[in-house]
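Here is what each chain is made of, one letter per residue.
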Amino acid sequence: MFDDFDDPRLDRSVWLPHYLPAWSSLAETRATYLIHDSHLELSIPPDQGLWCPGEHTPPLRVSGLQTGSFSGPVGSTVGQQPFRPGLTVREQQEEFRGCLVEHGTVGMRASLYLSPRSMASLWLVGFEDEPERSGEICVMEVFGRDVEPEQALVGMGFHAFRDPRLAEDFERIPLPIDVTEPHAYEAHWDGDEATFRVDGRVVRMLDAPPRYPLQLMLAVFDFPEWPDERDPGHAFVPTLSVDRVWAT
């Protein structure tokens with residue numbers, strides 16, 4: 001898979017423009033996005049509503065794309081990335097397998113425009129056709145509060161979730177980059193090892209990555225209750241601007 005967003009329409013054979021809709025609905029999880037000048041821009045305008053209001057703590061807003069989706073019937077607990085035990089499906093989702101990767105290389109070239117209240121991430125998670133196949137490879141995660149003019153903390157590593165075989169191993173690495181400029185974030189993994197790179201430079205290496213199909217997740221988040229003295233009116237629009245994504 002390679003998407004350089006030259007087509008002004010999102011490739012719906014690959015991308016679902018919603019964020020974990022089973023716990024909410026397709027209508028209420030629709031991403032705000034624009035494709036222009038060969039860039040995908042995921043953003044969160046001030047009038048965008050909360051994701052799973054009253055259910056998710058802390059409150060958040062999100063615009064995200066994912067390359068896989070499914071769920072059990074309404075009222076069941078069968079779904080992807082439940083954020084608390086006992087969470088039940090509110091809207092059953094059809095099975096969608098746009099791009100699942102069992103091993104290889106996944107990355108993106110992107111610019112991040114974040115406030116102290118927002119974050120952006122590219123990560124891979126198990127399709128969860130079995131609950132244990134739920135581990136995550138986080139390619140990159142950046143919080144606006146961790147960004148300085150010439151440096152940022154870039155999170156990367158593994159989250160185990162319900163996978164008993166995957167070791168939790170996540171770290172925020174200080175890197176001398178301006179995240180508003182385009183940078184390439186990439187992870188390569190096989191059955192034994194995962195390597196994380198930024199602009200082609202190896203930043204982390206971890207053993208024993210997940211060994212089952214993973215779907216891509218790409219999103220920008222906003223946490224309205226977090227303080228931001230520079231933007232008391234919440235007028236800032238967090239944006240993840242992507243000029244290409246690859247999965248090989």
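All values reported here derive from a predicted model rather than from experimental measurement.

(A) Here's a closer look at the pairing of strand E9 (residues 118-126). Burial analysis of E9 places 9 of its 9 residues in the buried class, which makes it a mostly covered element. Side chains Ser118, Ala120, Leu122, Leu124 and Gly126 of E9 all project onto a buried face; the interleaved residues Met119, Ser121, Trp123 and Val125 project onto the opposite face, where all are buried too. Of the pairings in the sheet, the one linking E9 to strand E17 (residues 214-222) comprises 9 bridges and is antiparallel in character. Within E17, the position partnered with Leu122 by the bridge is Leu218.

(B) Here's a closer look at the pattern of salt bridges. Under the defined criterion, the tally for this structure stands at 15 salt bridges. Note that Glu128 is salt-bridged to Arg162, the shortest N-O span being 2.3 Å. Placement of the pair is Glu128 in the loop between E9 and strand E10 (136-143) and Arg162 in the loop between strand E12 (151-159) and strand E13 (169-175), with a sequence separation of 34 residues. Between Asp243 and Arg244 there is a salt bridge whose closest N-O contact spans 3.6 Å. With a relative accessible area of 12%, Asp243 lands in the buried category. Since its relative accessible area comes to 30%, Arg244 is described here as partly exposed.

(C) Structural detail: the side chain of Ser69. Inspection of the secondary structure assignment puts Ser69 in strand E5 (residues 68-69). In this view, Ser69 contacts Leu16, Pro21, Gln80, Gln93, Glu94, Glu95, Phe96, Phe127 and Gln215; residues no more than four positions away in its chain are not counted.

(D) Local environment of unusual backbone geometry. In this structure, Pro58 follows Thr57 across a cis peptide bond, with omega equal to 0°. Within the fold, Pro58 resides in the loop between strand E3 (39-43) and strand E4 (61-66). The residue Leu20 is not glycine, and still its phi comes out positive at about 45°. Here Ser38, not a glycine, exhibits a phi torsion of approximately 60°, which is positive. Tracing the backbone through its elements, the reader meets Ser38 in the loop between strand E2 (32-36) and E3. Note on Ser38: relative accessible area 29%, which makes it partly exposed.

(E) Local environment of the nonpolar core. Counting residues in hydrophobic clusters, the biggest one holds 51 residues, and the most contacted among them are Met108, Tyr185, Leu218 and Leu240. Within the second largest apolar cluster, 20 residues are counted, among which are Leu87, Cys138, Phe143 and Phe223.

The rules behind the values
- Residues numbered from 1 in each chain as written.
- Predicted model: local features only at pLDDT ≥ 70, side-chain atom pairs only at ≥ 80, totals over all residues.
- Heavy atoms only, no water.
- Buried < 20%, exposed > 50% of the residue type's maximum accessible area, 1.4 Å probe, protein only.
- Helix = DSSP H or I, 4+ residues; strand = E, 2+ residues; numbered from the N terminus.
- Pairing = 2+ DSSP bridges.
- Salt bridge = Lys/Arg side-chain N within 4 Å of Asp/Glu carboxyl O.
- Contact = heavy atoms within 4.5 Å.
- Core = buried A, V, L, I, M, F, W, Y, C linked by side-chain atoms within 4.5 Å.

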